[in-house]
Every structure is written in C-alpha cells, then in structure tokens.
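# Summary of the model geometry
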Amino acid sequence: MASKLKKLVDDVKDSSNPELDLVDKGIVNILEIPGFVNLKNLTKVVLAHNKITSVPPSIANFLNLEIIILFNNAIEELPTTLSSMPKLKTLNVGMNRLSALPRGFGACPMLEVLDVTYNNLSEHSLPGNFFCLDTLRALYMGDNDFENLPPEFGRLKNLQILVLRDNDLVALPKEMGELIRLRELHIQGNRLTVLPPEMGNLDLIGTKQIFKADGNPWVTPIADQFQVGISHVFDYIRSDTYKFLYGRHMAAGAAPPPKTNDKSKKISRIKK
Amino acid sequence: MTMDEDATSDNSSVVTFCDSATMSLGSAVCQRCGEGFGLDEQIVNSNGQMWHTYCFVCAQCFQPFPEGRFFEFEGRKYCEHDFCVLFAPSCAKCGEFISGRVIKAMNASWHPECFRCFSCSKILADEGFIKNQGRALCKDCNAMEKAKGLGKYFCFKCHSIIDGGHLKWKGEPYHPYHFNCHSCGCELKEDAREKDGNLYCLRCHDKMGIPICGACRRPIEERVVHALGKTWHVEHFVCAKCEKPFLGTRHYEKKGLAYCEIHYHQLFGNICFVCNNIINGDVFSAFNKAWCVHHFACSICDKKMSQKTKFFEFDQKPVCKGCYDKFPGELKKRLKKAYDEAIKSGK
C-alpha cells in the first residue's frame, strides 16, 4: 500500500501538474504519506474517502495550496494554522466529525468555498471571527446542528450560495436580507415557521436562482403561499400584512416546534 | 371697457372788472340783491350783468372770488375751492380734484396720468385697457396673465401666448418661429438647440457633430463614449444590471445592452464554479452553475466528468456514482425521499 502511495506522490512530483489525488486509499495520517512533505508546490490535494482523524498544523506549509478536499474522513479537529494559508480558496471538510471550527478561522484571506456538510457544528462552534470571511461565495453547512444563526451572518456580503439543509434552525435572522448576492438558498428540513420580512430583499425566484425550503413547519399563511409557488411566498413576505403578522408572531414568542430530525444514525455521531 | 371723458373746466367763467364810471347805469340793478347802485359805488360787470362788489361772491362761502376767478354752474358762481368740493370729481388714485380731462373707468374717476396698468404702470388713457380680476391691465400684461393662468408661456418678442412648444433663448420664452437657423436659415421649431450663442435647427446641430447621449438625450459637451452604436456621457454609460458607470473599463454587450464583467457572467452564467474565472470556450452547465472544461468534476473526489458521465445531485453539486455509493445509508435514504417528493410535487 505504502509503495503504491509513494508511486502516486512521486508521479506528481515529477509532473508539472502539482495536484495530488489520493481518494479512498485507506490513509489514516496525512504525514505518513511517503514523500508528501516534499510536494511544496502542491496546489490541490484530494483526500476524500479516507480514514484521516486529524489534519497536521504543518499543512499550512504548503503555501500554494488552493484546494483541499477531505470529504468523508474521521476528522474531529482542524488546525488553527489553516487561516494562515495565503492561497486557500476551497476547503471541503464535509462528512467528518467536526464539532468546532478552529480559533481564528475567519482570518483565511482568500477562502471562497467552504464545505462543512454533515458534521456536528452549531452556532456555538463557530470562531468569533468567522463572519470576517467576506471573500466567501459558497457556504455548505447542510446536515449540522444549527438552531439559530447569529445576526453577523449579514456580513458575508459575497455569499452567493448558502446551504442550511437539515439543521435544527428555529429562525433566520433578519440580516439574511443583507446577503444581496445570494442566488442559491437551501433551508429544507429545519424547524422554521416564519421568514423575516427583510428576506423580501433577496432575489431568489428567477430561472438562475435556487430556493429550497421544503420540510419546514411553516405557519399557515406561508404554507399556503408555498402551495401556489415560491414567487408568491416572496411577494407575500414583502407585504405589510405579513410584516404585521411577523411582528405579532415574534412578540408572542411561541415555543419553537420540536426537533424532528433523528440524527442518531449519522456516521459523524457514531463512535468507532 | 370704455372711458367717458368729462370736460369740467373754467371755460364758462369770464372774469372781468369794469370801471363803473364808463357805463350808463340808469336803471341797472344788482343781479343778486336787485337793489340799485350808488353813484360812486364800484360795480362788478360780468357778461353784461352787474353786481355790488359785496354781492359778487361765492354762492357757497359768500367770500369774494380769489383773484376774481369763479366757476359757474346752473346760474350760480362759486369760488374754485367750493366748486371743486361741490361738483369736481376726485381721482381714485391720488385723491386730488380733477380739473381738465377726466378718465372715467372702473367705476371711478382718474387723472389721465394716474390711470395706469396695474402690472407695468403704463399710462392707459389713450390706448385703452382690459379689466382683469378687478384690475386694469394693458393688453400685453393681460395676455401675459392669461398665459400664466393657462400654464403657457408668453412670447418675449410678440407678447402673445405661445400655444405650441416654446423656445428658450437667453432665459426667456419665445415662439420658435421668430428665429431662423444660424446655419441653414430655416424657420426654427421648438427642438432647436443653442451652440456658442447661436441657434440651430436640430438637423444642422447634429451635422455639426455634437453628439447626443444615448441615455439622457442631451448633447455631450465633454468626454464622449462611443458604444453600442451610440454616444454617451461618460457617467451615463452604465452596466444594465448594476447601473454603475464603466468609466472606461471593459464592458460586455448582449442584446443591445452593456454589462460590467461581473454581471455579464453572472447573468449569462459563464463563471466557473470552481475557479471563479470567466469561461472561455466550452461550458458545462448543471444545477444553475457553469464549469470550465478543466473543472467539471465530481465535487467530492474531483474525478473528471464528461457530458456522458452520469452524476447525482447533492446540494446542487454534481457527485459521481462512486462517491454517492459511499454515502451513509441514512443520508441516501433522506436524499431519495426528498427526490421522490420533488418528483411527486412536479418540481
């Protein structure tokens, strides 16, 4: 196995294409990949479907890395050094066992696409400077444990794609309405009953846009609008009638609907 | 309206003093008291009638006439003051008595020099006037008022209402037909334009090469942008989506509209989802996204895909079959359920 890996690494070293593809190779420790540390010019590393449990801080020594894919591993923690990687544009750590993002992660200077799908993250596991990631254009956070989103979300001004599918969200902050570049929003499978009227600012109903909101316990007036079509939902939440209704709904402070998603079978939870 | 003129004047009074000695007084009696005259008494003789000097007085104040001037009315003689008080009209403007020519207008009397246009103060005695809301106006001012009331302009040259479009020239409105094109001499219309202090018809103005902005339709005096077969003010040539001026930066044209780079590619879908660069050449499209040839690959294992490769959708990203098969069963179950529901509801 190790010799096979070494051959793959050596091939990359000799070629002009500094991209390393080690998908489904049973790798447990990145540092044990023979010759890996010598690939200083690496721009892309794909390590999906392995058994990696931790990412070494020395990953940050690969100054040219732009794309890191670690989908479907067993990573519980990421190194704080990630935020110092000057060219990192895409980080995919989906389907792991993350319960937090490292301190200072928001300092990543170039990060455009962050995929943390299928982990154990919640609003309490985001570092304080997370919303400084204003270069972010796509954020995949489906299959996590978010219940509320902080109002600072409105600072991710460049966000075009936001996936919050299958979390435990009970409400969206009104600052969502500030994400004016958003053209793709997935909020299916949450505990949402209302949408903030400010989301009426968003343009999510064209042919170039995607808005997915199934599987939420919407209040009747919103559910009715979903029946006739998404454009009706947005027309409705822009209306004064709805603003009044929303104000009353928020003032009433009704208890959020109970959790319905059974996450006990998620592999990110199951202890080995 | 018309004016009546009264001649109220002293032409009826002839003032004479005669020496009594030269007259034969046989049976003469005083016109007032009917008594005879004493021999050495001074007698006043006026128009063949005679008075005692003490009888030759004003019929109103019984005082002798100052400087011998009197005014006669219905056989009685009055001093100037009492005559005026009793019979002369007084001017509605200055309040003084009017002797000589009287202008009767607007239910009042006026000195000719006191009856003036309410608006421009021109003397109206000889040219006539028009009553306008209880005011006397000259013809010009009345026309101007009328024009204002109708929301129309009033020609600065011929002083009449401008019924069609007007031409502004040095700040005043005119009938366009009072002017001729400085270049071809044709009679101007309202669309005439000014250049360097001269007026030109639109044709000549255009021929002089002064470009018109495609956005605001006004002439462009400063920097000119040539694009989309038109000319534009620098600040009016803007992206059709974000409306920010290009200010000399590159623009992209589509269906007669111009876009900035970002919005052109955002709208027409030519930015690669992976490298975020503009795609030159072939474009792979799926899930409302685009990929360049190098970057169309499984979003998980990065295996290259072609047009023929079958792939699954996961959060609107392509996933190859190999990766999808490795998904945990519970996730696949949920994805299948969501997929089936979407099919069922016909989305």
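Residues numbered from 1 in each chain as written. Chains lettered and ligands numbered in written order. Predicted model: local features only at pLDDT ≥ 70, side-chain atom pairs only at ≥ 80, totals over all residues. Heavy atoms only, no water.

Under an unreviewed UniProt entry, chain B has the name LIM domain-containing protein and belongs to Aplysia californica.

With an unreviewed UniProt entry as reference, chain A is termed Ras suppressor protein 1, source organism Aplysia californica.

## A closer look at the overall build of chain B
Convention followed: Helix numbers and strand numbers start at the N terminus; a helix is a DSSP run of H or I with at least 4 residues, a strand a run of E with at least 2. Remark: exposure states derive from per-residue accessible area (1.4 Å probe, protein chains only) relative to the maximum for the residue type, with buried under 20%, exposed over 50%, and partly exposed in between. In this analysis, two residues are considered to be in contact whenever any of their non-hydrogen atoms come within 4.5 Å of each other. Surface accessibility follows the Shrake-Rupley procedure with a 1.4 Å probe radius. Residue values consider only the protein chains on display as shielding.
If you tally the helices and strands in chain B, you get six helices and 23 strands. By residue count, 37% of the 347 residues in chain B fall in the buried class. In chain B, the proportion of contacts linking residues at least 24 apart, taken out of those at least 6 apart, comes to 18%. Carbon and sulfur atoms form 50% of the exposed surface of chain B, whose accessible area is close to 21,300 Å².

## Structural notes on the interface of chain B and chain A
Many analyses report the size of an interface as the accessible area lost when the parts associate. To be explicit about the condition: For any pair of parts, buried area is found by adding up, for both, the accessible area (1.4 Å probe) each one loses once the two are put together. By definition, a salt bridge exists where a carboxyl oxygen of Asp or Glu is found within 4 Å of a side-chain nitrogen of Lys or Arg. The definition of a polar contact used here is a pair of N or O atoms within 3.5 Å, where within protein one atom must be able to donate a hydrogen and the other to accept one, and adjacent residues in sequence count solely through side-chain atom pairs. Following the grouping adopted for this structure description, the nonpolar residues are Ala, Val, Leu, Ile, Met, Phe, Trp, Tyr, Cys and Pro, the charged ones are Asp, Glu, Lys and Arg, and the polar ones are all others, Gly among them.
The interface is formed by 27 residues belonging to chain B together with 40 residues belonging to chain A. Together chain B and chain A conceal approximately 2,700 Å² of surface at their shared face, both sides included; 49% is due to carbon and sulfur atoms. Summed over the shared surface of chain B and chain A, the number is seven salt bridges. Close ionic contact of Lys44(A) with Asp302(B) constitutes a salt bridge, the shortest N to O distance being 2.6 Å. One can count eleven residue pairs in polar contact (both at pLDDT 80 or more) joining chain B with chain A. Mapped onto the side of chain B that touches chain A, the elements with two or more residues apiece are helix H4 (261-268), helix H5 (321-326) and helix H6 (329-344) of chain B. Ranked by residue count, the leading element in the side of chain B that touches chain A is H6(B), at three residues. Grouping the constituent residues of the side of chain B that touches chain A by class yields twelve nonpolar, six polar and nine charged.

## What to know about a nonpolar patch on the surface
All names here are of chain B. Basically, it comes down to this: Note that patches include only residues with greater than 30% relative accessible area and no salt bridge, and the join distances are 9 Å for like charges and 5 Å for nonpolar side chains (Val, Leu, Ile, Met, Phe, Trp, Tyr).
Taken together, the side chains of Phe 73, Val 85, Leu 86, Phe 87 and Phe 97 make up a nonpolar region of the molecular surface, amounting to roughly 420 Å² of accessible area. Among the elements that take part in the nonpolar patch, helix H1 (residues 80-87) stands out by supplying three residues, more than any other. The class of Phe 73 is partly exposed, set by a relative accessible area of 34%.

## So, the environment of Asn41(A)
Residues and elements named next belong to chain A. One can find Asn 41 in the loop between strand S1 (19-21) and strand S2 (44-46). Accessibility expressed as a relative area gives 54% for Asn 41, which makes it exposed. Spatially, the C-alpha atom of Asn 41 lies 9.9 Å from that of Asn 61, the residues being 20 residues apart in sequence. Those residues within four positions of Asn 41 in sequence are excluded, and the remaining contacts are Pro 18 and Asn 64.

## Regarding helix H4 (residues 240-252) of chain A
As a reminder of what qualifies: Expected span, for any helix, means 1.5 Å times one less than how many residues it has.
Relative to the 18 Å expected for 13 residues at 1.5 Å per residue, H4(A) spans 18 Å between its end C-alpha atoms, a close match to the ideal helical length. The positive-phi residue at the C-terminal boundary of H4(A) is Gly253(A), with phi of around 60°.

## Some thoughts on the pairing of strand S16 (residues 224-227) of chain B
All names here are of chain B. The following threshold applies: When DSSP finds at least two bridges between two strands, those strands are taken to pair.
Covered by surrounding structure in S16 are Val 225 and Ala 227 only, the residues Val 224 and His 226 on the alternate face being uncovered. Direction of pairing for S16 relative to strand S17 (residues 230-233): antiparallel, over a ladder of four bridges. Bridge pairing in S17 links Val 224 to His 233.

## Describing the pattern of salt bridges
For the structure on display, the rule yields 25 salt bridges over all chains. Notably, a salt bridge pairs Asp11(A) with Lys7(A), separated by 3.6 Å at the nearest N-O pair. Taken together, the residues span about one helical turn, with Asp11(A) and Lys7(A) both in helix H1 (residues 2-14) at a distance of four residues. Among the ionic pairs, Glu330(B) bridges to Arg334(B), the shortest N-O distance being 3.1 Å. With Glu330(B) and Arg334(B) both in helix H6 and four residues apart, this pair spans about one turn of that helix. Relative accessible area serves as the criterion here: at 25%, Arg334(B) is assigned to the partly exposed category. Among the charged side chains, a salt-bridge network with shared partners connects Asp143(A), Arg165(A), Asp166(A), Asp315(B), Glu330(B) and Arg334(B).

## A short note on unusual backbone geometry
Located in the positive-phi region is Asp24(A), a residue other than glycine, with phi close to 55°. Mapped onto the secondary structure, Asp24(A) falls in the loop between S1 and S2. Of the residues examined, Asp24(A) reaches a relative accessible area of 43% and is grouped as partly exposed. Even without glycine at this site, Asp315(B) takes up a positive phi of about 50°. Here Asp315(B) lies in the loop between strand S22 (311-314) and strand S23 (317-320).

## A word on the pairing of strand S2 (residues 43-46) of chain B
Residue and element names in this part refer to chain B. Here S2 shows a buried face lined by Ile 43 and Asn 45 and a second buried face lined by Val 44 and Ser 46. Sheet analysis places S2 next to strand S3 (residues 49-52), joined by four bridges and oriented antiparallel. Residue pairing in the sheet places Val 44 in a bridge with Trp 51 of S3.

## Considering the packing of aromatic side chains
Cut-off, in case you're wondering: For Phe, Tyr and Trp, rings pair up if their centres lie within 6.5 Å, where Trp contributes its six-membered ring, and each pair is then called stacked (planes under 30 degrees apart), edge-to-face (over 60) or tilted (otherwise). Two thresholds decide whether a charge sits over a ring: the Lys NZ or Arg CZ must be within 6 Å of the ring centre and within 35 degrees of the ring normal.
Throughout the structure, instances matching the rule amount to 34 aromatic pairs over all chains. Their ring planes at 20° and their centres at 5.1 Å tell us that Tyr252(B) and Tyr264(B) sit as a pair that is stacked. Residue Tyr252(B) is found in strand S18 (residues 252-254), and its partner Tyr264(B) is found in helix H4; the two are separated by twelve residues along the sequence. For the pair Tyr252(B) and Tyr264(B), one class covers both residues: buried. Connected via pairs of aromatic rings, a cluster forms that spans Phe273(B), Phe284(B), Phe287(B), Trp291(B), Phe296(B) and Phe311(B). Its end group placed over the ring of Phe62(A), Lys40(A) keeps NZ or CZ at 5.2 Å from the ring centre.

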